Amino acid sequence: HSAERRQSSSFEETVRNQLERLLNSAQFDASTRSREFLRFVVDEALAGRSDRLNQAALAAAVFGRKGNFDPVLDPIVRVQAGRLRRSLERYYLLTGVSDSIRIELPKGGYAPVFVTAEPNDAAPDVAIRLVSLTRIVPDWPIVAIQPFDVSSSDGEETAERIADELTMELFRYGDVRVLRQREIDRLDLRQQASVRFELRGNLDRQADDAFIGTRLIDRTTGEQLWGDEYHASPRPRRSFRSVEDVARVIAARIGAEHGVIVRRLAAEHGERRTDATDAYSAILRCYRFFFSREPQELIPSVEALERLTTRDPAMSLAWTYLARLYLANHSFELSSVVTPIEKAIATAYEAVMLNPAAARARCVLAAALLVNGDLQAMQDVIEQALRLNPGSLAYREVIGWLTALGGNWDRGMALMRDAMARNPYCMPQVRHGLWAYYLRRGEYQHAYVAALEYRDSRFFWRELMTTSCLGHLGRSHEARASAAELLRLKPDFPSRGRTLISHYIKCEELREQIVEGLSKAGLTLK
């Protein structure tokens, strides 16, 4: 017993020395309050009181909160814990790599653990684990799909099917990298630490029905970025038809280009310097342009991707986005830099050659061919995209939109409606397709509703769509106001409007119908 006490005392002394080393280090960038937080939780853990470290206790001891503290209304403990975790991670990454012991504050709790080269069984009241505190930042965001919690053993097979489909669908989007837990377990600790996002879920099977809950966690902060619940049932008119459809919708929500992860990373990128040279920074710059729709962002985004494709010519996604930027510049006339449509087509072909199964690359190529008037070639590209990704929701609504604008209206509408029924997070092009479909049928009120739901309010198409509809509906005052906004967004529209419309509207009768609505709104095209 005497030897055990000496060993325990020695371990406690080592931990306290490490604590003082941290607190006195100029490289430990924690605030005064974070340092007080750290000292308190370490003292409590060493005294064997880790189980008492909850939000209420910390709020009272560290932040002076009174007995009526409500963690829901006052998140100070949770926020400060997140800041402390980041400070610890940075210190051990930059300065404390060779320290013999590390102090970690695991997510999901406030009791510290102490990391040593070898477990020490002599200190039973102190948790000891072999883990890595350092978080390296990879060139590409990684999301870990954790095994779903199941309510009974008969749900394990279903949970595995969900995880399999999630993995495949996220791969089809290509905006994030995805790993399963069994793959993560094979990585070294520093590679494991690079996994930024974590998808957790639970599954409850009740006969043929499946109830699925999911949430996305940012591992750097412990913050839940998104969560939702789904019901899959084989019965008609009941939520989703299968658990695979649920997985496809989850993938769209978190991993598509308008998904939670990309939006979070693009926002962070906007807060930092935008001249970073890693691959994903160039992609994020492109995302920011498509989110903001600011024309001044276009050329810097093009230049960043041109540098990336020169440096890494095998990256299909970089060629895909570069082709999209070329296409946007050509078809919307966003800058004084002339981008021939042939350049967009050639760039999109490069993306397809590098990744023939990528639905997005084929959609960009098909859109460029549509703008160029190569309708048969466009349809061939679309058909191949459907064959390569049967059942997938990735860009299914975009495929339908292109099919409809290419002249096959019934099939295009069927694809768009199927995508919308199965995926509430469709790309905005689907509203443009619905608008064109209803307008050509003379269903102007339906067309107007579709135009209002078109999310892109910065480029001219939304105002073009609403102005034409309002003109046909005889709502003169609103039509003229919408026409004035269209001219504000695109001052040269009277002279360039017919050309701009013809980029995507190939049916001459529909083009004249659009122009007629604009004329009724008081906007005459030359």
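Just so it is clear, the structure is predicted and the values come from calculations on it, not from any experiment.

## Re unusual backbone geometry
Thought 1: Here Ala-207, not a glycine, exhibits a phi torsion of approximately 60°, which is positive.
Thought 2: Residue placement: Ala-207 occurs in the loop between β6 (197-206) and β7 (209-218).
Thought 3: Classification of Ala-207 by relative accessible area gives exposed; the value is 72%.
Thought 4: The backbone phi angle of Glu-333 is positive, close to 50°, even though this residue is not glycine.
Thought 5: Within the secondary structure, Glu-333 sits in the loop between α12 (316-332) and α13 (341-354).

## Topic: the pattern of salt bridges
Thought 1: Going through the model one piece at a time under the given rule, you end up with 34 salt bridges.
Thought 2: Close ionic contact of Asp-418 with Arg-422 constitutes a salt bridge, the shortest N to O distance being 2.9 Å. In this pair, Asp-418 and Arg-422 are both assigned in helix α17 (residues 409-422), four residues apart and thus about one turn of the helix distant.
Thought 3: A single network of salt bridges, built from pairs that share partners, joins Glu-165, Glu-169, Arg-172, Asp-245, Arg-248, Arg-396, Asp-418 and Arg-422.

## Describing the pairing of β7
Thought 1: Here β7 lies mainly inside the structure; eight of its ten residues are buried.
Thought 2: Sheet topology note: the β6/β7 ladder contains ten bridges and is antiparallel. Counterpart to Asp-204 in the pairing with β7 is Phe-211.
Thought 3: Bridge count for β7 against strand β8 (residues 223-232) is nine bridges, and the pairing is antiparallel. From the neighbouring strand, Ala-210 faces β8, where its bridge partner is Ala-232.
Thought 4: Linkage of β7 to β8, two consecutive antiparallel strands, is achieved through a turn of four residues, within which Gly-222 is found at a positive phi near 80°.

## A look at the confidence of the model for the chain
One rule of thumb: low pLDDT means the predicted coordinates there are not for detailed reading.
Thought 1: Across the chain, the average pLDDT comes to 85, with 90% of residues at or above 70.
Thought 2: Scored below 50 in pLDDT, residues 1-7 shows three contacts in the model against residues more than four places distant or in partner chains.
Thought 3: Within the model, pLDDT remains below 50 along residues 117-138, and this stretch shows 59 contacts once partners closer than five positions in the same chain are excluded.

## Some words on the environment of Ala-414
Thought 1: Within the secondary structure, Ala-414 is located in helix α17.
Thought 2: Counting along the chain gives 14 residues from Ala-414 to Gly-400, while the straight-line C-alpha distance between them is 7.4 Å.

## Quick word on the packing of helix α22 (residues 493-504) against helix α23 (residues 508-520)
Thought 1: With their axes 10 Å apart at the nearest point, α22 and α23 run at an angle of 150° to one another. By the angle class used here, α22 and α23 are roughly antiparallel. Judged by the twist between their axes, the crossing of α22 over α23 is right-handed. Residue-level inspection shows Phe-493, Arg-498, Ile-501 and Ser-502 of α22 in contact with α23, the latter providing Arg-511, Glu-512, Ile-514, Val-515 and Leu-518.
Thought 2: Partitioned by chemical class, the residues of the contact of α22 with α23 number five nonpolar, one polar and three charged.

## Structural notes on the nonpolar core
Thought 1: Core analysis: the largest hydrophobic core is formed by 138 residues, its most contacted members being Leu-216, Leu-305, Leu-402, Trp-435, Trp-461 and Phe-493.
Thought 2: Those residues in contact with Trp-461 that sit more than four places away from it in its chain are Phe-332, His-432, Trp-435, Tyr-454, Leu-500, Ile-501, Tyr-504 and Ile-505.
Thought 3: In this structure, Leu-19, Phe-37, Phe-69 and Tyr-110 belong to the second largest nonpolar core, which totals 30 residues.

## Structural notes on the packing of aromatic side chains
Thought 1: Per the counting criterion, the structure on display carries 16 aromatic pairs.
Thought 2: With a centroid separation of 5.3 Å and 85° between ring planes, the pair formed by Tyr-287 and Tyr-321 is classed as edge-to-face. Taken together, the positions of Tyr-287 in helix α10 (residues 279-292) and Tyr-321 in helix α12 put the pair 34 residues apart, joining distant regions of the chain.
Thought 3: Considering the side-chain rings of Trp-401 and Tyr-504, the 5.9 Å spacing of their centres and the 35° angle between planes classify their relative orientation as tilted. Of this pair, Trp-401 sits in helix α16 (residues 396-405) while Tyr-504 sits in helix α22, and the two are 103 residues apart along the sequence. Here the two residues Trp-401 and Tyr-504 agree in accessibility, since each one is buried.
Thought 4: Through pairs of rings, three or more aromatic residues link up here, namely Phe-289, Phe-290, Phe-332, Trp-401, Trp-435, Phe-459, Phe-460, Trp-461, Phe-493 and Tyr-504.

## As for the packing of helix α20 (residues 461-473) against helix α21 (residues 476-489)
Thought 1: At their nearest, the axes of α20 and α21 sit 8 Å apart, and the two run at 155° to each other. The orientation of α20 relative to α21 falls into the category roughly antiparallel. Crossing angle aside, the handedness with which α20 passes α21 is left-handed. Residues Glu-463, Leu-464, Thr-466, Thr-467, Leu-470 and Gly-471 of α20 touch α21, and the partners they reach there are Glu-478, Ala-479, Ser-482, Ala-483, Glu-485, Leu-486 and Leu-489.
Thought 2: Looking at the contact of α20 with α21, its residues break down into six nonpolar, four polar and three charged.

## Quick word on helix α3 (residues 55-63)
Thought 1: Taken residue by residue, α3 has Gln-55, Leu-58, Ala-59, Val-62 and Phe-63 as its buried positions. Seen end-on, α3 carries its buried residues on one side only, within an arc spanning 105°.
Thought 2: If you check the start of α3, you find a side-chain oxygen 3.2 Å away from the backbone N of Ala-56, and it comes from Asn-54.

## Quick notes on the environment of Arg-441
Thought 1: Within the secondary structure, Arg-441 sits in the loop between α18 (429-440) and α19 (444-452).
Thought 2: The spatial distance from the C-alpha of Arg-441 to the C-alpha of Leu-510 is 9.4 Å, given a sequence separation of 69 residues.

## Some thoughts on α20
Thought 1: Under the 1.5 Å per step criterion, the end-to-end length of α20 is 18 Å for 13 residues, consistent within 8% with the ideal 18 Å.
Thought 2: Most of α20 is tucked away, with eleven of its 13 residues classed as buried.
Thought 3: Every buried residue of α20 is accounted for by Trp-461, Glu-463, Leu-464, Met-465, Thr-466, Thr-467, Ser-468, Cys-469, Leu-470, Gly-471 and His-472.
Thought 4: Note on α20: the residue one or two positions beyond its end, Gly-474, has a positive phi of about 75°.

## Details of the side chain of Glu-257
Thought 1: Tracing the chain through its elements places Glu-257 in the loop between α8 (243-255) and α9 (260-271).
Thought 2: A distance of 2.8 Å separates polar atoms of two side chains, one belonging to Glu-257 and the other to Arg-324.
Thought 3: A polar atom in the side chain of Glu-257 sits 3.2 Å from the side chain of Tyr-395.
Thought 4: Residues in contact with Glu-257, not counting those within four places in the same chain, are Asp-175, Val-262, Tyr-287, Phe-291, Tyr-321, Arg-324, Arg-360, Tyr-395 and Met-427.

Rules behind the numbers
- Residues numbered from 1 in each chain as written.
- Predicted model: local features only at pLDDT ≥ 70, side-chain atom pairs only at ≥ 80, totals over all residues.
- Heavy atoms only, no water.
- Helix = DSSP H or I, 4+ residues; strand = E, 2+ residues; numbered from the N terminus.
- Buried < 20%, exposed > 50% of the residue type's maximum accessible area, 1.4 Å probe, protein only.
- Salt bridge = Lys/Arg side-chain N within 4 Å of Asp/Glu carboxyl O.
- Pairing = 2+ DSSP bridges.
- pLDDT = per-residue confidence, 0-100.
- Contact = heavy atoms within 4.5 Å.
- Axes fitted to C-alpha atoms, helices over the stretch in contact; angles between N-to-C directions.
- Parallel < 35°, antiparallel > 145°, perpendicular 65-115°, else oblique.
- Left-handed = near helix turned anticlockwise from the far one by under 90°.
- Nonpolar A, V, L, I, M, F, W, Y, C, P; charged D, E, K, R; others polar.
- Core = buried A, V, L, I, M, F, W, Y, C linked by side-chain atoms within 4.5 Å.
- Phe/Tyr/Trp six-rings, centres within 6.5 Å; stacked < 30°, edge-to-face > 60°.
- Arc of directions from axis to C-beta.
- Polar contact = N/O pair within 3.5 Å; in protein donor to acceptor, adjacent residues only side chain to side chain.
- Expected span 1.5 Å × (residues − 1).

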